[in-house]
Amino acid sequence: MIDYIIRRLIFAVPVLLGVSLITFILLNVVPGDPVVEMLGKHADPAAVEKIRNQLGLNDPLYIQFGRFLWNACRGDLGKSFKTGQPVTKMILDTFPTTVKLALSSAFVAIVVGLTVGIISAVKQYSFFDHASMIVALAGISAPIFWVAVVGQLIFGLHLKWLPISGYSTPKHIILPAVVLGIRFAASIARYTRSTFLDVIRQDYIRTARAKGLAERAVIFGHALKNALIPVVTVIGMQISGLLTGSILTETIFAIPGLGRLSLWALSNRDFPLVQGIVLFTAVIFVIGNLIVDISYAFLDPRVRLQ
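Residues numbered from 1 in each chain as written. Predicted model: local features only at pLDDT ≥ 70, side-chain atom pairs only at ≥ 80, totals over all residues. Heavy atoms only, no water.

Draft legend 1. Expanded view of the side chain of Asn 268. Relative to the helices and strands, Asn 268 resides in the loop between helix H12 (258-267) and helix H13 (271-299). Assessed through its relative accessible area of 18%, Asn 268 is described here as buried. Residues in contact with Asn 268, not counting those within four places in the same chain, are Glu 37 and Lys 82. (Helix = DSSP H or I, 4+ residues; strand = E, 2+ residues; numbered from the N terminus. Buried < 20%, exposed > 50% of the residue type's maximum accessible area, 1.4 Å probe, protein only. Contact = heavy atoms within 4.5 Å.)

Draft legend 2. Region of the structure containing the environment of Lys 89. Here Lys 89 shows up in helix H5 (residues 87-122). Lys 89 gets classed as partly exposed once you look at its relative accessible area, which sits at 44%. The spacing of Lys 89 and Leu 77 is twelve residues in sequence and 9.2 Å in space, taken between C-alpha atoms. Engagement of the side chain of Lys 89 in a polar contact is seen with the side chain of Asp 93, the distance being 2.8 Å. (Polar contact = N/O pair within 3.5 Å; in protein donor to acceptor, adjacent residues only side chain to side chain.)

Draft legend 3. Looking closely at the nonpolar core. Grouped together as the largest cluster of nonpolar side chains are 62 residues, with contacts concentrated most on Ile 91, Phe 184, Ile 188, Phe 196, Leu 258 and Leu 273. Elements that contribute at least two residues to this core include exactly helix H1 (2-29), H5, helix H7 (144-158), helix H8 (174-199), helix H9 (203-210), helix H10 (215-244), H12 and H13. The biggest single contributor to this core is H5, with eleven residues. Contacts of Ile 188, omitting those with residues within four sequence positions, involve Ala 109, Ile 110, Gly 113, Leu 114, Val 231 and Ile 235. (Core = buried A, V, L, I, M, F, W, Y, C linked by side-chain atoms within 4.5 Å.)

So, in structure tokens, the structure goes:
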């Protein structure tokens, strides 16, 4: 197991290098000068040139990229052009908020998605099955910004049950977590139903029922564990996406997390911050995929991590 983890981490190095290189190239080919953006359009050209030299923006691109990689290996992602703060500190200051939002969303989505998916499979072609799958399809299709605005109108403005923005109390996290978790729950419900239907038609499930086991023991003792393997892949990828892709939700609800920081960095052409966030996001996805792969061995002993 240790050898497998080390091998996967080594394979992740080219991935992270590729992500960093592509991001660096894209940031340098987009029109506009970040220093002009920082000082204003009417800034003195001499002052612009001086700051470009101070930031190393006049160095050849390969030297700039090599310097970024060398500093990143030491945990230094540079300093923000806009605020002057270390990028690593800005990311680490906002990431806990995003983690809290992502885990709250994941909890809602996993509980709702697994429950609905299992019941739909066990009661196939029932009213609950048809209704839940229609709702799941709507949950996947609905744009997240529309769901967020509808949630704010209903639960914030009309019913006044929940605050519509901010991040000062635990109550502020409920509505964003539900909004962010709706699409995740719908995906889990559909995957769980599909894989569960495949599993409960297997011979060993018929044998378990023929032996006289209670339906609950058949479902939770024999079928659930085998049906979870594909679902775990979806859950792992979705949680990684929640940790790094909650830009819309954090912006709509004014939550000071990593997603909102990403949007702020992009709108201000803060290249070091954008590059640092992208690299940090890639690391999160690599770790998420590694955890998913390792979990296979615990769910199914037939899986060998070679």
